[in-house]
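Residues per chain are reported as follows:
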Amino acid sequence: MSNSQVQSLDEDVVFLPVTESSAEFFHCEKERQAVERLLCGGPEAFYSFISAEGSGCFLAPEEVSQIITWAQEYCFNSLQAQKEEDGDDGTTEMYFSSTYFPFCSDTPVPCLQLGWPEHNSWVQKEHVSVYTSPPTEGQPPVREVIRHHLQKATRVIAIVTDRLTDGAVIGDLHDAASRGVPVYIILNQRSIQENFALTRLRHPNMQVRTLGGKTFCSRTGSVVVGEMKDKFLLVDLETVIHGSYSLTWTDAHLHRQLITVLQGPVVELFDKEFRILYAASLPIPDMWRAAFLHTDVINRLKDFSDRRFPRNLPMEPEITAPPSPPADFTLDWEAMGVVQRDSILPETLADLHEDPVPKKTMLQNNVQLDPKAPTMDVFLKIEPTTRLANGE
(Lines give C-alpha, C1' and ligand atoms only; values in the text may rest on other atoms or scores of the structure.)
Protein backbone atom coordinates (compact mmCIF):
# COMPACT_ATOMS: atom_id res chain seq x y z
CA MET A 1 0.00 0.00 0.00
CA SER A 2 1.11 3.56 -0.66
CA ASN A 3 1.77 6.02 2.13
CA SER A 4 -1.45 7.91 1.43
CA GLN A 5 -3.50 4.72 1.67
CA VAL A 6 -1.93 3.84 5.02
CA GLN A 7 -2.55 7.35 6.34
CA SER A 8 -6.20 7.18 5.26
CA LEU A 9 -6.76 4.47 7.90
CA ASP A 10 -5.90 6.98 10.61
CA GLU A 11 -8.88 9.18 11.50
CA ASP A 12 -6.68 11.89 13.00
CA VAL A 13 -4.69 12.51 9.83
CA VAL A 14 -5.63 15.72 7.99
CA PHE A 15 -4.94 15.69 4.27
CA LEU A 16 -4.16 18.82 2.36
CA PRO A 17 -6.29 19.36 -0.73
CA VAL A 18 -4.72 17.78 -3.81
CA THR A 19 -5.79 18.77 -7.31
CA GLU A 20 -5.10 17.05 -10.61
CA SER A 21 -2.35 19.58 -11.32
CA SER A 22 -0.49 18.62 -8.13
CA ALA A 23 2.49 16.31 -8.33
CA GLU A 24 1.04 14.27 -5.47
CA PHE A 25 -2.10 13.45 -7.47
CA PHE A 26 -2.06 9.73 -8.18
CA HIS A 27 -5.31 7.91 -7.31
CA CYS A 28 -8.42 9.02 -9.16
CA GLU A 29 -11.81 7.52 -8.35
CA LYS A 30 -13.24 8.27 -11.79
CA GLU A 31 -10.38 6.48 -13.48
CA ARG A 32 -10.85 3.48 -11.22
CA GLN A 33 -14.55 3.30 -12.03
CA ALA A 34 -13.83 3.64 -15.76
CA VAL A 35 -11.42 0.70 -15.62
CA GLU A 36 -14.03 -1.37 -13.82
CA ARG A 37 -16.52 -0.53 -16.57
CA LEU A 38 -13.92 -1.70 -19.07
CA LEU A 39 -13.45 -5.04 -17.30
CA CYS A 40 -17.18 -5.62 -16.93
CA GLY A 41 -18.65 -4.25 -20.15
CA GLY A 42 -15.78 -3.94 -22.58
CA PRO A 43 -14.57 -0.92 -24.57
CA GLU A 44 -18.08 0.37 -25.32
CA ALA A 45 -18.94 0.64 -21.63
CA PHE A 46 -15.57 2.28 -20.94
CA TYR A 47 -15.93 4.98 -23.60
CA SER A 48 -19.57 5.60 -22.65
CA PHE A 49 -18.59 6.17 -19.01
CA ILE A 50 -15.80 8.66 -19.70
CA SER A 51 -18.07 10.51 -22.15
CA ALA A 52 -20.84 10.78 -19.53
CA GLU A 53 -18.37 11.97 -16.87
CA GLY A 54 -16.88 14.52 -19.25
CA SER A 55 -13.33 13.45 -18.47
CA GLY A 56 -10.62 12.90 -21.01
CA CYS A 57 -9.60 9.45 -22.16
CA PHE A 58 -6.61 8.41 -20.04
CA LEU A 59 -6.01 5.11 -21.86
CA ALA A 60 -4.64 4.71 -25.36
CA PRO A 61 -6.38 2.18 -27.65
CA GLU A 62 -3.42 -0.18 -27.21
CA GLU A 63 -3.76 0.00 -23.43
CA VAL A 64 -7.49 -0.72 -23.65
CA SER A 65 -6.79 -3.84 -25.70
CA GLN A 66 -4.05 -4.96 -23.32
CA ILE A 67 -6.22 -4.61 -20.22
CA ILE A 68 -9.00 -6.62 -21.81
CA THR A 69 -6.55 -9.31 -22.90
CA TRP A 70 -4.86 -9.51 -19.50
CA ALA A 71 -8.07 -9.57 -17.44
CA GLN A 72 -8.86 -12.81 -15.65
CA GLU A 73 -11.06 -14.02 -12.84
CA TYR A 74 -9.64 -13.81 -9.36
CA CYS A 75 -8.32 -17.13 -8.08
CA PHE A 76 -7.28 -17.30 -4.44
CA ASN A 77 -4.98 -19.75 -2.75
CA SER A 78 -4.90 -23.01 -4.73
CA LEU A 79 -4.45 -25.09 -1.57
CA GLN A 80 -7.55 -23.56 -0.02
CA ALA A 81 -9.52 -24.15 -3.24
CA GLN A 82 -8.49 -27.80 -3.26
CA LYS A 83 -9.64 -28.21 0.33
CA GLU A 84 -13.02 -26.70 -0.47
CA GLU A 85 -13.44 -29.08 -3.40
CA ASP A 86 -12.64 -31.99 -1.07
CA GLY A 87 -15.32 -30.82 1.40
CA ASP A 88 -12.95 -29.49 4.06
CA ASP A 89 -14.11 -26.11 5.32
CA GLY A 90 -10.86 -25.54 7.19
CA THR A 91 -12.52 -24.65 10.51
CA THR A 92 -9.94 -26.57 12.47
CA GLU A 93 -7.06 -24.60 11.01
CA MET A 94 -5.88 -21.07 11.54
CA TYR A 95 -8.11 -18.34 10.15
CA PHE A 96 -7.22 -17.43 6.59
CA SER A 97 -8.42 -14.43 4.62
CA SER A 98 -7.80 -14.32 0.89
CA THR A 99 -9.24 -10.87 0.28
CA TYR A 100 -8.01 -8.29 2.75
CA PHE A 101 -4.96 -8.29 5.06
CA PRO A 102 -4.39 -12.05 5.45
CA PHE A 103 -3.32 -13.20 8.91
CA CYS A 104 -0.07 -14.52 7.51
CA SER A 105 1.49 -15.14 4.15
CA ASP A 106 0.42 -18.40 2.54
CA THR A 107 3.85 -18.94 1.01
CA PRO A 108 7.23 -18.76 2.76
CA VAL A 109 9.78 -16.19 1.72
CA PRO A 110 12.10 -17.84 -0.83
CA CYS A 111 15.70 -18.08 0.22
CA LEU A 112 18.72 -17.60 -1.97
CA GLN A 113 19.59 -21.28 -2.05
CA LEU A 114 22.71 -20.90 -4.15
CA GLY A 115 24.26 -18.51 -1.68
CA TRP A 116 24.67 -14.75 -1.51
CA PRO A 117 28.03 -13.08 -0.84
CA GLU A 118 28.58 -10.56 1.91
CA HIS A 119 29.40 -6.95 1.24
CA ASN A 120 33.00 -5.92 1.31
CA SER A 121 34.14 -3.92 4.29
CA TRP A 122 35.66 -1.25 2.10
CA VAL A 123 33.49 1.13 0.13
CA GLN A 124 34.17 1.15 -3.58
CA LYS A 125 34.75 4.46 -5.28
CA GLU A 126 31.70 5.76 -7.10
CA HIS A 127 31.90 5.51 -10.87
CA VAL A 128 29.29 6.09 -13.57
CA SER A 129 29.56 5.19 -17.27
CA VAL A 130 26.95 5.52 -20.00
CA TYR A 131 26.89 3.39 -23.16
CA THR A 132 24.54 3.64 -26.09
CA SER A 133 23.46 1.37 -28.91
CA PRO A 134 24.54 2.09 -31.59
CA PRO A 135 27.77 3.04 -29.80
CA THR A 136 29.35 6.43 -30.02
CA GLU A 137 32.81 6.88 -31.48
CA GLY A 138 35.41 5.04 -29.46
CA GLN A 139 32.87 3.23 -27.25
CA PRO A 140 32.20 -0.54 -27.26
CA PRO A 141 28.73 -1.91 -28.06
CA VAL A 142 26.30 -2.44 -25.20
CA ARG A 143 26.32 -6.17 -25.69
CA GLU A 144 30.12 -6.28 -25.39
CA VAL A 145 30.03 -4.31 -22.13
CA ILE A 146 27.48 -6.70 -20.60
CA ARG A 147 29.30 -9.84 -21.72
CA HIS A 148 32.61 -8.44 -20.45
CA HIS A 149 31.20 -8.05 -16.92
CA LEU A 150 29.51 -11.47 -16.99
CA GLN A 151 32.71 -13.20 -18.03
CA LYS A 152 34.65 -11.54 -15.19
CA ALA A 153 32.10 -12.43 -12.47
CA THR A 154 33.50 -14.45 -9.57
CA ARG A 155 30.97 -14.14 -6.69
CA VAL A 156 27.39 -13.78 -7.92
CA ILE A 157 25.29 -12.73 -10.93
CA ALA A 158 21.75 -11.43 -10.41
CA ILE A 159 19.61 -10.51 -13.43
CA VAL A 160 16.22 -8.84 -13.59
CA THR A 161 14.88 -8.48 -17.13
CA ASP A 162 11.79 -8.89 -19.22
CA ARG A 163 13.38 -11.10 -21.89
CA LEU A 164 16.45 -13.31 -22.03
CA THR A 165 16.91 -15.02 -25.40
CA ASP A 166 20.39 -13.92 -26.56
CA GLY A 167 22.35 -17.12 -27.10
CA ALA A 168 25.72 -15.47 -26.49
CA VAL A 169 24.64 -14.05 -23.12
CA ILE A 170 23.08 -17.38 -22.11
CA GLY A 171 26.38 -19.07 -22.97
CA ASP A 172 28.25 -16.64 -20.70
CA LEU A 173 25.80 -17.39 -17.88
CA HIS A 174 26.37 -21.13 -18.30
CA ASP A 175 30.13 -20.61 -18.23
CA ALA A 176 29.87 -18.54 -15.06
CA ALA A 177 27.62 -21.13 -13.41
CA SER A 178 30.10 -23.86 -14.34
CA ARG A 179 32.85 -21.83 -12.65
CA GLY A 180 30.86 -21.95 -9.41
CA VAL A 181 29.29 -18.49 -9.63
CA PRO A 182 25.64 -18.48 -8.43
CA VAL A 183 23.31 -17.13 -11.12
CA TYR A 184 19.88 -15.77 -10.18
CA ILE A 185 17.43 -14.74 -12.89
CA ILE A 186 14.04 -13.05 -12.50
CA LEU A 187 12.01 -12.86 -15.71
CA ASN A 188 8.78 -11.13 -16.57
CA GLN A 189 5.98 -13.65 -16.05
CA ARG A 190 3.99 -12.79 -19.17
CA SER A 191 7.04 -12.67 -21.42
CA ILE A 192 8.16 -16.13 -20.38
CA GLN A 193 4.66 -17.46 -21.08
CA GLU A 194 4.65 -16.03 -24.59
CA ASN A 195 8.30 -16.78 -25.42
CA PHE A 196 9.33 -19.81 -23.45
CA ALA A 197 13.11 -19.53 -22.94
CA LEU A 198 13.68 -22.09 -20.19
CA THR A 199 15.04 -24.68 -22.61
CA ARG A 200 18.47 -23.02 -22.38
CA LEU A 201 18.39 -21.87 -18.75
CA ARG A 202 18.99 -25.20 -17.04
CA HIS A 203 22.00 -25.52 -14.76
CA PRO A 204 22.46 -26.79 -11.19
CA ASN A 205 24.03 -23.45 -10.24
CA MET A 206 21.29 -21.35 -11.84
CA GLN A 207 17.86 -20.37 -10.44
CA VAL A 208 15.10 -18.88 -12.58
CA ARG A 209 11.95 -17.30 -11.16
CA THR A 210 9.14 -15.18 -12.58
CA LEU A 211 7.46 -11.99 -11.44
CA GLY A 212 4.62 -9.88 -12.73
CA GLY A 213 3.64 -6.28 -12.16
CA LYS A 214 1.13 -4.69 -9.82
CA THR A 215 -2.42 -6.01 -9.56
CA PHE A 216 -5.68 -4.16 -10.17
CA CYS A 217 -8.69 -5.84 -8.53
CA SER A 218 -12.23 -4.87 -9.46
CA ARG A 219 -15.29 -5.27 -7.25
CA THR A 220 -16.69 -7.89 -9.63
CA GLY A 221 -13.77 -10.27 -9.16
CA SER A 222 -11.76 -9.46 -12.29
CA VAL A 223 -8.03 -9.04 -11.88
CA VAL A 224 -5.45 -7.40 -14.15
CA VAL A 225 -1.77 -8.07 -13.48
CA GLY A 226 0.76 -5.77 -15.07
CA GLU A 227 4.26 -6.55 -16.26
CA MET A 228 7.65 -6.34 -14.62
CA LYS A 229 9.76 -3.90 -16.60
CA ASP A 230 12.78 -3.63 -14.32
CA LYS A 231 16.03 -4.25 -16.16
CA PHE A 232 19.32 -4.43 -14.31
CA LEU A 233 22.28 -6.76 -13.78
CA LEU A 234 24.07 -7.06 -10.46
CA VAL A 235 27.59 -8.50 -10.72
CA ASP A 236 29.61 -9.48 -7.63
CA LEU A 237 27.73 -6.85 -5.56
CA GLU A 238 30.17 -4.34 -7.03
CA THR A 239 28.74 -3.35 -10.41
CA VAL A 240 25.22 -2.61 -11.60
CA ILE A 241 24.22 -2.37 -15.28
CA HIS A 242 20.90 -0.57 -15.54
CA GLY A 243 18.95 0.70 -18.53
CA SER A 244 16.44 -0.07 -21.25
CA TYR A 245 18.46 -2.90 -22.80
CA SER A 246 16.86 -6.36 -22.95
CA LEU A 247 19.06 -9.42 -23.31
CA THR A 248 17.91 -10.25 -26.83
CA TRP A 249 19.51 -10.36 -30.26
CA THR A 250 17.19 -7.66 -31.61
CA ASP A 251 18.15 -5.22 -28.85
CA ALA A 252 21.81 -5.85 -29.63
CA HIS A 253 21.53 -5.38 -33.40
CA LEU A 254 18.34 -3.48 -34.21
CA HIS A 255 16.97 -1.32 -31.40
CA ARG A 256 18.38 1.88 -29.95
CA GLN A 257 19.24 1.35 -26.29
CA LEU A 258 21.05 3.02 -23.41
CA ILE A 259 22.64 1.51 -20.30
CA THR A 260 24.36 2.99 -17.25
CA VAL A 261 27.16 1.14 -15.45
CA LEU A 262 27.21 2.08 -11.77
CA GLN A 263 29.77 1.35 -9.08
CA GLY A 264 29.99 2.55 -5.51
CA PRO A 265 27.50 2.90 -2.62
CA VAL A 266 24.52 2.96 -4.99
CA VAL A 267 25.03 -0.77 -5.59
CA GLU A 268 23.59 -1.51 -2.15
CA LEU A 269 20.24 -0.05 -3.24
CA PHE A 270 20.08 -2.44 -6.19
CA ASP A 271 21.15 -5.30 -3.93
CA LYS A 272 18.20 -4.59 -1.64
CA GLU A 273 15.82 -4.15 -4.59
CA PHE A 274 16.81 -7.48 -6.10
CA ARG A 275 16.20 -9.34 -2.85
CA ILE A 276 12.79 -7.66 -2.55
CA LEU A 277 11.89 -8.72 -6.08
CA TYR A 278 13.22 -12.22 -5.46
CA ALA A 279 11.07 -12.54 -2.34
CA ALA A 280 8.00 -11.48 -4.33
CA SER A 281 8.81 -13.74 -7.29
CA LEU A 282 7.37 -17.16 -7.95
CA PRO A 283 8.99 -20.41 -9.06
CA ILE A 284 8.38 -21.80 -12.51
CA PRO A 285 4.97 -23.53 -12.45
CA ASP A 286 4.97 -27.30 -12.80
CA MET A 287 2.75 -27.13 -15.87
CA TRP A 288 5.34 -24.97 -17.61
CA ARG A 289 8.09 -27.37 -16.61
CA ALA A 290 6.11 -30.31 -17.98
CA ALA A 291 5.44 -28.45 -21.22
CA PHE A 292 9.11 -27.52 -21.43
CA LEU A 293 10.27 -31.09 -20.88
CA HIS A 294 7.81 -32.42 -23.44
CA THR A 295 8.88 -29.81 -26.00
CA ASP A 296 12.55 -30.43 -25.29
CA VAL A 297 12.19 -34.21 -25.73
CA ILE A 298 10.23 -33.78 -28.96
CA ASN A 299 12.85 -31.40 -30.37
CA ARG A 300 15.68 -33.74 -29.43
CA LEU A 301 13.96 -36.72 -31.04
CA LYS A 302 13.21 -34.70 -34.14
CA ASP A 303 16.82 -33.55 -34.48
CA PHE A 304 18.06 -37.12 -33.98
CA SER A 305 15.59 -38.43 -36.55
CA ASP A 306 16.57 -35.82 -39.10
CA ARG A 307 20.26 -36.65 -38.70
CA ARG A 308 19.94 -40.44 -38.44
CA PHE A 309 17.13 -41.00 -40.92
CA PRO A 310 17.11 -38.26 -43.53
CA ARG A 311 13.88 -37.81 -45.35
CA ASN A 312 13.78 -38.89 -48.99
CA LEU A 313 13.23 -36.13 -51.43
CA PRO A 314 10.01 -36.38 -53.44
CA MET A 315 10.67 -38.05 -56.80
CA GLU A 316 8.71 -37.86 -60.00
CA PRO A 317 6.92 -41.04 -61.05
CA GLU A 318 9.09 -43.35 -63.13
CA ILE A 319 8.22 -43.63 -66.80
CA THR A 320 8.08 -47.35 -67.53
CA ALA A 321 7.36 -47.16 -71.30
CA PRO A 322 8.89 -43.99 -72.78
CA PRO A 323 8.06 -43.12 -76.39
CA SER A 324 10.57 -43.87 -79.11
CA PRO A 325 12.85 -40.95 -79.99
CA PRO A 326 12.18 -39.37 -83.40
CA ALA A 327 14.56 -40.28 -86.20
CA ASP A 328 15.11 -36.72 -87.53
CA PHE A 329 16.57 -35.38 -84.29
CA THR A 330 20.22 -35.82 -83.43
CA LEU A 331 20.13 -35.61 -79.65
CA ASP A 332 21.87 -37.62 -76.96
CA TRP A 333 18.78 -39.46 -75.75
CA GLU A 334 20.86 -41.62 -73.48
CA ALA A 335 22.08 -38.58 -71.53
CA MET A 336 18.50 -37.32 -71.34
CA GLY A 337 17.36 -40.58 -69.77
CA VAL A 338 15.09 -41.67 -72.63
CA VAL A 339 17.32 -44.53 -73.73
CA GLN A 340 18.91 -46.57 -70.96
CA ARG A 341 22.17 -48.33 -71.47
CA ASP A 342 20.91 -51.55 -69.90
CA SER A 343 18.03 -51.79 -72.40
CA ILE A 344 20.33 -53.07 -75.19
CA LEU A 345 21.61 -55.99 -73.16
CA PRO A 346 20.11 -59.41 -73.90
CA GLU A 347 17.40 -60.32 -71.45
CA THR A 348 17.87 -64.14 -71.70
CA LEU A 349 20.55 -66.58 -72.82
CA ALA A 350 18.53 -67.40 -75.92
CA ASP A 351 18.82 -63.80 -77.05
CA LEU A 352 22.57 -64.18 -77.23
CA HIS A 353 22.22 -66.38 -80.35
CA GLU A 354 20.34 -63.71 -82.24
CA ASP A 355 22.19 -61.65 -84.79
CA PRO A 356 23.29 -58.49 -83.08
CA VAL A 357 23.99 -56.67 -86.32
CA PRO A 358 20.39 -55.76 -87.22
CA LYS A 359 19.76 -54.53 -83.64
CA LYS A 360 22.92 -52.44 -83.78
CA THR A 361 21.97 -50.99 -87.17
CA MET A 362 18.47 -50.14 -85.97
CA LEU A 363 19.78 -48.20 -83.03
CA GLN A 364 22.21 -46.32 -85.24
CA ASN A 365 19.36 -45.29 -87.52
CA ASN A 366 17.48 -43.75 -84.65
CA VAL A 367 20.27 -42.37 -82.47
CA GLN A 368 23.78 -41.30 -83.31
CA LEU A 369 25.91 -43.54 -81.17
CA ASP A 370 29.58 -42.99 -80.59
CA PRO A 371 31.56 -46.06 -81.77
CA LYS A 372 33.92 -45.48 -78.83
CA ALA A 373 31.09 -45.31 -76.29
CA PRO A 374 31.21 -47.88 -73.51
CA THR A 375 27.85 -49.22 -74.71
CA MET A 376 29.53 -51.04 -77.62
CA ASP A 377 32.04 -52.65 -75.30
CA VAL A 378 29.26 -54.84 -74.02
CA PHE A 379 29.00 -56.58 -77.38
CA LEU A 380 32.74 -56.94 -77.66
CA LYS A 381 32.88 -58.72 -74.32
CA ILE A 382 30.60 -61.61 -75.42
CA GLU A 383 32.02 -65.01 -74.65
CA PRO A 384 34.03 -66.72 -77.51
CA THR A 385 31.56 -69.56 -77.70
CA THR A 386 28.80 -67.12 -78.51
CA ARG A 387 30.84 -65.51 -81.31
CA LEU A 388 31.50 -68.90 -82.90
CA ALA A 389 27.81 -69.68 -82.82
CA ASN A 390 27.14 -66.49 -84.77
CA GLY A 391 29.67 -67.46 -87.45
CA GLU A 392 32.40 -64.98 -86.45
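Overview of the structure. (Residues numbered from 1 in each chain as written. Predicted model: local features only at pLDDT ≥ 70, side-chain atom pairs only at ≥ 80, totals over all residues. Heavy atoms only, no water.)

Here we look at the sheet that holds strand S6 (residues 215-217)
Read across the sheet, 3 strands follow the order S1-S7-S6 without closing on themselves; strand pairing throughout is antiparallel. For this open sheet the edge positions go to strand S1 (72-73) and S6, each flanked by a neighbour on one side alone. Where S1 meets strand S7 (residues 222-225), 2 bridges bridge the pair, whose relative direction is antiparallel. When the sheet's bridge partners are listed, Gln72 is paired in S7 with Val223. (Pairing = 2+ DSSP bridges. Helix = DSSP H or I, 4+ residues; strand = E, 2+ residues; numbered from the N terminus.)

Observations concerning helix H4 (residues 61-70)
For H4, the full list of buried residues reads Val64, Ile67 and Trp70. Take H4 and look down its axis: the buried residues cluster within an arc of 140 degrees, on one side only. Opposite the packed face of H4, turned more than 90 degrees from it, sit the exposed residues Pro61, Glu62 and Thr69. (Buried < 20%, exposed > 50% of the residue type's maximum accessible area, 1.4 Å probe, protein only. Arc of directions from axis to C-beta.)

What to know about helix H10 (residues 267-280)
For H10, built from 14 residues, the straight-helix expectation of 20 Å at 1.5 Å per residue is met to within 8% by its first-to-last C-alpha distance of 20 Å. Buried within H10 we find Val267, Phe270, Asp271, Phe274, Leu277 and Tyr278. The buried residues of H10 occupy an angular sector of 130 degrees when the element is viewed end-on, so they sit on one face. The exposed set on the far side of H10, more than 90 degrees from its buried face, consists of Leu269 and Lys272. (Expected span 1.5 Å × (residues − 1).)

As for the packing of helix H2 (residues 29-41) against helix H3 (residues 43-53)
In contact at an axis separation of 6 Å, H2 and H3 are set at 150 degrees when each is read in the N-to-C sense. In this view, H2 runs roughly antiparallel relative to H3, as classed from their interaxial angle. In this structure, H2 meets H3 at a crossing whose hand is right-handed. Facing H2, whose interface residues are Lys30, Gln33, Ala34, Arg37, Leu38 and Gly41, H3 presents Pro43, Ala45, Phe46, Phe49, Ile50 and Glu53. (Axes fitted to C-alpha atoms, helices over the stretch in contact; angles between N-to-C directions. Parallel < 35°, antiparallel > 145°, perpendicular 65-115°, else oblique. Left-handed = near helix turned anticlockwise from the far one by under 90°. Contact = heavy atoms within 4.5 Å.)

A few points about the sheet that holds strand S4 (residues 183-188)
Across the sheet, which stays open at both edges, the 8 strands sit in the order S2-S10-S9-S8-S3-S4-S5-S11 with mixed pairing between neighbours. With partners counted over all chains shown, the strands left at the sheet margins are strand S2 (127-133) and strand S11 (282-283), one partner each. Sheet topology places S2 next to strand S10 (residues 257-263); 7 bridges connect them, and they run antiparallel. Within S10, the residue paired with Ser129 across the bridge is Val261. Along the sheet, H10 makes contact with strand S3 (157-161), S4, strand S5 (206-211), strand S8 (232-235), strand S9 (239-243), S10 and S11, crossing S8 at roughly 110 degrees.

Some words on the pairing of S4
Most of S4 is tucked away: 6 of the 6 residues are buried. Sheet analysis places S3 next to S4, joined by 5 bridges and oriented parallel. For Ile157, the partnering residue across the bridge sits in S4 and is Val183. Handedness of the S3-helix H7 (residues 167-178)-S4 crossover: right-handed. Here S4 runs beside S5; their pairing, made up of 6 bridges, is parallel. Residue pairing in the sheet places Ile185 in a bridge with Val208 of S5. (Right-handed = clockwise from strand over helix to strand, strands pointing away.)

Focus: the packing of H3 against H4
Two elements in contact, H3 and H4, have axes whose closest approach is 11 Å; the angle formed by their N-to-C orientations is 130 degrees. Relative to H4, the element H3 lies oblique. In this structure, the crossing between H3 and H4 has a hand that is right-handed. Counted together, Pro43, Phe46 and Tyr47 of H3 and Pro61, Val64 and Ile68 of H4 form the full contact between these two elements. Among the residues making up the contact of H3 with H4, the classes are represented as 6 nonpolar, no polar and no charged. (Nonpolar A, V, L, I, M, F, W, Y, C, P; charged D, E, K, R; others polar.)

Points about the pattern of salt bridges
Within the structure shown, the criterion is met by 9 salt bridges. Ionic pairing is found between Arg147 and Asp172, a salt bridge with its closest N-O pair at 2.6 Å. Within this pair, whereas Arg147 is found in helix H6 (residues 142-152), its partner Asp172 is found in helix H7, the two being separated by 25 residues in sequence. Of the residues examined, Asp172 reaches a relative accessible area of 5% and is grouped as buried. One salt bridge connects Glu227 with Arg190, and the closest N-O pair in it is separated by 3.9 Å. Linking Glu227 in the loop between S7 and S8 with Arg190 in helix H8 (residues 189-194), this pair joins segments that are 37 residues apart in sequence. (Salt bridge = Lys/Arg side-chain N within 4 Å of Asp/Glu carboxyl O.)

Brief notes about the nonpolar core
With 32 residues, the main nonpolar core has Ile146, Ile157, Leu164, Leu173, Ile185 and Leu201 as its most contacted residues. Mapped onto this core, the elements with two or more residues apiece are H6, S3, H7, S4, S5, S8 and S10. With 5 residues, the single largest contributor to this core is H7. Other than its neighbours up to four places away in sequence, Ile185 contacts Ile159, Leu164, Leu173, Leu201, Met206, Gln207, Val208 and Arg209. Core analysis: the next-biggest nonpolar cluster, separate from the first, contains 18 residues, Trp116, Leu237, Val267 and Leu277 among them. (Core = buried A, V, L, I, M, F, W, Y, C linked by side-chain atoms within 4.5 Å.)

Nothing here speaks to function; it is geometry throughout.
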